[in-house]
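Observations on the three-dimensional arrangement
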Amino acid sequence: MKKVLALVLAVMMLATVAFAADVYNPGEDTITASGGTRVPGAKIKIGQVGIRDWLDSNPGIVEGLASSDVKAVNSTNYSVTSLKYGEGKALVESVKFSDADDQLVIKLKQDYTMTTPKTLKMTFTLKGKKVGKNERFKDIPVELEYTVGYKLDESALQLAGNDKVDKPATFRDDTLYKVTKADGVKDEYGTLEFTSADPDTDIEVRVYKNDKLYLASDVDADSDILKKYADNDADITFLNFPGEPTFNATATVYFYKDEDSFVYALKDGKLTTVNAKWSDDDGAFVLKTRTLGSYVFSDKKLSVAATTPGSENPDTGANDVVGIAAALAAVALVSAAAVSLKK
């Protein structure tokens, strides 16, 4: 029976723990490794260096395969065959070679609503391609096992009484935060106030006991937007809430930008207008919303593809539906009139 190489090539996504060579359960012809935790949307990368290190540290694991036999992991040298899932097939979005990086990349599906970790078990073979007429690179059997999910923090977001909520300094991107109650607190809800990754944006919202919220944010730029509006010569910045957290109450978002700035929402790669109004009292643009998304700030006016939900929205086809309905009604009336005249 062919021996199987189990690869663990990851660092735990939990920032406080560095994940090294894990736990081994040797079988007759298989080594199983526990690969730690990966968050949904993460990438598991398998490359030549990692495989060679494993073979050097565990000689003889795969019969007839030495570290020197392992070539650059790309689609020129290998194909992926015999892909099977023991558990967690639905967790995987794709298994593809990244030839530019000489890696096989297993992309996990993004799911910001996942509150219970799940197990991913998969096996496959990196099948060596032909080198010459009668020669091919040697096959590399692989077995992977990971826990996929977010860390659930039940202590950092607490109802503290008097309409206050204790919160962490920042919200980690590998963590779901569950709203709990501090000892002795009777309140079932409180007001959460926090600053986003953009220090000029504050959020105030009522949260309730047992709410589970993914509140991480970033200021990563969207390169497509920057390219699209390059000729505007505008100063454009971004704020993203990747989890698009939805609250059980309306949140108030304060964008502390210059009054002559422009604030947009970014949805499906397109800019839309957003109902953020300037407030002299607050010295900020104020937005009322139940769901946080992605926002774009510019010192110059930019053209937009659509408007915010609730008003005319060409992208949703809402107006088209009304128009079609009206057209069908008109056709029905004309048809009825024709039948009447015929009679």
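Once a new chain begins, its residue numbering starts again from 1 and follows that chain's sequence as written. With the structure being a predicted model, the display of local features is reserved for residues of pLDDT at least 70 and the display and counting of side-chain atom pairs for 80 or more, all residues being used for whole-chain, interface and lining totals. Note: side-chain values were computed over all heavy atoms of the structure, leaving out hydrogens and water.

1. With respect to the sheet that holds strand E18 (residues 212–213)
Selection criterion: Strands qualify as paired when DSSP identifies two bridges or more between them. Secondary structure counts use DSSP, requiring at least four H or I residues in a row for a helix and at least two E residues in a row for a strand, with both numbered from the N terminus.
As summarised here, the arrangement of the 3 strands in space is E11-E14-E18, forming an open sheet in which the pairing is mixed. Both outer strands of the open sheet, strand E11 (151–153) and E18, are each paired with one neighbouring strand and no more. As paired strands, strand E14 (residues 175–178) and E18 are joined by 2 bridges and run antiparallel to one another. Its bridge partner lying in E18, Lys178 is registered against Lys212.

2. With respect to the pattern of salt bridges
Stated formally: Salt bridges are counted wherever a side-chain nitrogen of Lys or Arg sits within 4 Å of a carboxyl oxygen of Asp or Glu. Burial classes: relative accessible area under 20% of the type maximum marks a residue as buried, over 50% as exposed, and values in between as partly exposed (1.4 Å probe, protein chains only).
What the rule picks out here adds up to 9 salt bridges. For Lys257, the salt bridge identified is with Asp198, shortest N-O distance 2.9 Å. Note that Lys257 is positioned in the loop between strand E20 (246–255) and strand E21 (262–267) and Asp198 in the loop between strand E16 (189–195) and strand E17 (201–208), a separation of 59 residues in sequence. Neither residue differs from the other here; Lys257 and Asp198 are each classed as buried. Connected through shared salt-bridge partners, Asp198, Asp200 and Lys257 make up one network.

3. Brief notes about the layout of surface pockets
We apply this condition: Here a cavity is any set of points on a 1 Å grid over the protein atoms alone where a 1.4 Å probe fits but cannot get out, and a pocket is any open set with protein on both sides within 12 Å along at least 5 of 7 lines; a residue lines the site when it has an atom within 4 Å of a point. Grid points are joined across faces, edges and corners, and a volume is the space filled by probe spheres set on the points.
In this model, the second largest pocket occupies a volume close to 230 Å³. Lining of the second largest pocket is provided by 16 residues; of these, Val39, Gln110, Tyr112, Asp173 and Tyr214 occupy positions nearest its centre.

4. What about the pairing of strand E8 (residues 103–108)?
Burial within E8 is extensive, with 5 of its 6 residues counted as buried. Across 5 bridges, strand E5 (residues 43–47) lies against E8 in antiparallel orientation. What sits directly across from Lys45, in E8, is Val105. Direction of pairing for strand E7 (residues 92–98) relative to E8: antiparallel, over a ladder of 6 bridges. When the bridges of E8 are listed, Ser94 appears paired with Lys107. Adjacent in sequence and paired antiparallel, E7 and E8 are bridged by 4 residues, among which Asp102 carries a positive phi angle near 55 degrees.

By themselves these figures say nothing about function.
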